[in-house]
Amino acid sequence: MDFDEFRRHGHAFVDWMADYLETVEDRPVRPQVEPGEIARQLPSSPPDSPEAMADIFADFENILLPGMVNWQHPSFFAFFTANSSPPSVLAEMLTATLGAQCMMWETSPAATELETRVLDWLRQMCGLPGPDEGGFHGVIQDTASSAILCAILTARERATDWAANVKGLKSTPPLAVYTSIETHSSTEKSVKIAGLGADALRKIATTDDFGMDPKALRAAVEADIAAGIIPACVIASIGATGVGAVDPLEPIGQLCREHGIFLHIDSAWAGSAFILPEKHWMLEGIDYADSLVLNPHKWLFTNFDCSAHYVRDPDALIRTLTILPDYLKHANQGDVIDYRDWGIALGRRFRALKLWFVIRSYGVSGLQSMLRAHIAHTVWLAQEIEDDKGFTLAAPRRLSLIAFRYVAGNVEPEEEDRRTDLLAKTLNDSGRLYVTPTTVKGRRAIRFNIGQTYTERHHVEAAWKDIKETAAALFAD
Ligand SMILES: *Cc1c(COP(=O)(O)O)cnc(C)c1O
């Protein structure tokens, strides 16, 4: 493809992109496809001769697009959002064009220096303590899962005085990691990858509000110490995935300090709300934390992947992960930041650019009002559900996340569960909206998260009307 052709297609693509986003609500949120249906339409071997871009694009539109979930659809209420925004997309186009490998300062000084600066902006926006006050240094990871793995690896090394790194885990007493039963599955995955074994993970019970029970945590830590096991790490959640549980950082942090346990905060989703001063209560006890992660790629209008990882002691992380073969040495070694030593992968995309575009383009106040609007829509919906005898909240609302059950018609709990599931399935099959069926305290529920960039009140109102009407039609007894 020559550059004239590139320019022509590029202009046409940008028009398509704007049209797509402008009319995405006319598409189903979730496609109706059977497994294998898309694959059957794709040639099983690659083309030998060049194909025209028009043909490639036509297949994208006609074969692939009908098999995509439209994550930027304003009636996307499932999982957590992977919200994007026009300034973020524009930045991603530039990032793709530069195609830079930003693994260290030498390989793109501006990418490194922007990453440091924009993560410090975000840190200030979130009201987190800065490096000058013994606070946090930021790095962008691909995902929160990577940040959690970095935390567990650093905790492992700190607990074994960096012996596990050199001699392996056989050389050290057994280690334990603690988290609540509400915590995201990435913690268990990281414990496995870090070589500790899934049995090293203690899943601590929660109190009535779904937060980790600090008394149960203390009992587990003390039992391990008595058994000669080293408590290495606690992963606490602010906004756990199921129903947005917030663990009590203050007592958890005190316990960690008492026993020298590494404390990582997983606020992958809810962390975006730290930019709202009225939500800072969630951070009480943050002074005890060794690291924290939040995902601008979930609820801060920045394309996946962009996970903001804050660490109090970068030297511990670097000491855990660093490698220095000759071909990666450079003249400014040690005087500049080489982010390759702050994460798992060597290669790094220029991710800071899109976050910089987003923060500048909306301004802090613009971002705050978008999040406040999402939360206000959720407050409204939670109230509607509470006021309706046919439905009940399965857990208290957290920020923009709720879970509810269908409870009309005086039926057995099993029948209520079946109806709640059938309602979720029917709604999702309709393509009009997308929710997540889940379990809350042993009962089936519909999990509903409002965080899509383009979601407005009328979308939430329409969804609620749809939910009530669909239920009435399904269970007309
Ligand atoms: C989404 C989520 C994760 C995983 O995030 P990735 O960036 O996809 O790895 C971890 N923890 C919580 C609380 C989450 O909501």
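Here's what I pulled together on the structure shown here. Quick caveat: nothing in here was measured; it's all calculated off a predicted structure.

## Describing the overall build of the protein
In step 1: Secondary structure assignment for the protein yields 14 helices and 11 strands.
In step 2: Based on the C-alpha atoms only, the size of the protein along its principal axes is roughly 65 × 65 × 45 Å.
In step 3: Among the 477 residues that make up the protein, the fraction classed as buried is 50%.
In step 4: The long-range fraction of contacts in the protein, counting pairs at least 24 apart against all pairs at least 6 apart in sequence, stands at 73%.
In step 5: Surface exposure of the protein reaches about 21,800 Å², of which carbon and sulfur atoms provide 54%.
In step 6: Each charge sign in the protein was given a centre, from 45 positive and 64 negative side chains, and these centres are 4 Å apart.

## Points about the sheet that holds strand β6 (residues 291–294)
In step 1: If you trace the 7 strands from one edge of the open sheet to the other, you get β1-β7-β6-β5-β4-β2-β3, paired in mixed fashion. In the strand order of this sheet, the two ends are held by β1 (137–141) and β3 (201–204), each with one partner. This sheet shows a mean twist of 20° between the axes of neighbouring strands, independent of strand direction.
In step 2: Of the pairings in the sheet, the one linking strand β4 (residues 230–237) to strand β5 (residues 262–266) comprises 5 bridges and is parallel in character. Opposite Cys-233, over in β5, you have Phe-262 as the bridge partner.

## Side note on the site of the ligand
In step 1: The full set close to the ligand counts 14 residues, and Ala-144, Ser-145, Asp-266, Asn-295 and Lys-298 are the nearest of them.
In step 2: Residue Asp-266 places a side-chain N or O atom 2.6 Å away from a nitrogen atom belonging to the ligand.
In step 3: A distance of 3.3 Å separates an oxygen atom of the ligand from a polar side-chain atom of His-297.
In step 4: Compared with its free state, where it exposes 390 Å², the ligand has 89% of that area covered by protein.
In step 5: The class makeup of the residues in the shell around the ligand is 4 nonpolar, 8 polar and 2 charged.

## Observations regarding the packing of aromatic side chains
In step 1: The full count for this structure, using the stated rule, is 20 aromatic pairs.
In step 2: For the ring pair Trp-16 and Phe-57, a centre distance of 5.8 Å and an interplane angle of 85° mean the geometry is edge-to-face. A residue pair is termed long-range when its members are at least 10 positions apart, and Trp-16 in helix α1 (residues 3–23) and Phe-57 in helix α2 (residues 53–64) qualify at 41 residues. As far as the burial class goes, Trp-16 and Phe-57 line up, both buried.
In step 3: Seen in terms of ring centroids, Trp-16 and Phe-60 are 5.4 Å apart; in terms of plane orientation they differ by 70°. Their pairing is edge-to-face. In this pair, Trp-16 sits in helix α1 while Phe-60 sits in helix α2, placing the two residues 44 residues apart along the sequence.
In step 4: On the basis of relative accessible area, Trp-16 is assigned to the buried category, the value being 19%.
In step 5: Among the aromatic residues, those joined into a cluster by ring pairs are Phe-77, Phe-391, Phe-404, Tyr-406, Phe-448, Trp-464 and Phe-475.
In step 6: Here Arg-447 stacks its cationic end above the ring of Phe-80, 4.5 Å away from the centre of that ring.

## Regarding the pairing of strand β9 (residues 401–406)
The side chains of a regular strand alternate, first on one face of the sheet and then on the other.
In step 1: Counting buried residues in β9 gives 6 out of 6 residues, a clear majority hidden from the surface.
In step 2: The sheet contact formed by strand β8 (residues 391–398) and β9 spans 5 bridges and is antiparallel. Among the inter-strand pairings, Leu-393 is bridged to a residue of β9, identified as Phe-404.

What counts as what
- Residues numbered from 1 in each chain as written.
- Predicted model: local features only at pLDDT ≥ 70, side-chain atom pairs only at ≥ 80, totals over all residues.
- Heavy atoms only, no water.
- Helix = DSSP H or I, 4+ residues; strand = E, 2+ residues; numbered from the N terminus.
- Buried < 20%, exposed > 50% of the residue type's maximum accessible area, 1.4 Å probe, protein only.
- Contact = heavy atoms within 4.5 Å.
- Areas by Shrake-Rupley, 256 points an atom, 1.4 Å probe, with all protein chains shown as cover.
- Lys, Arg positive; Asp, Glu negative; His and termini not counted.
- Charge placed at Lys NZ, Arg CZ, Asp CG, Glu CD.
- Pairing = 2+ DSSP bridges.
- Axes fitted to C-alpha atoms, helices over the stretch in contact; angles between N-to-C directions.
- Near = heavy atom within 4 Å.
- Polar contact = N/O pair within 3.5 Å; in protein donor to acceptor, adjacent residues only side chain to side chain.
- Nonpolar A, V, L, I, M, F, W, Y, C, P; charged D, E, K, R; others polar.
- Phe/Tyr/Trp six-rings, centres within 6.5 Å; stacked < 30°, edge-to-face > 60°.
- Lys NZ or Arg CZ within 6 Å of the ring centre and 35° of its normal.

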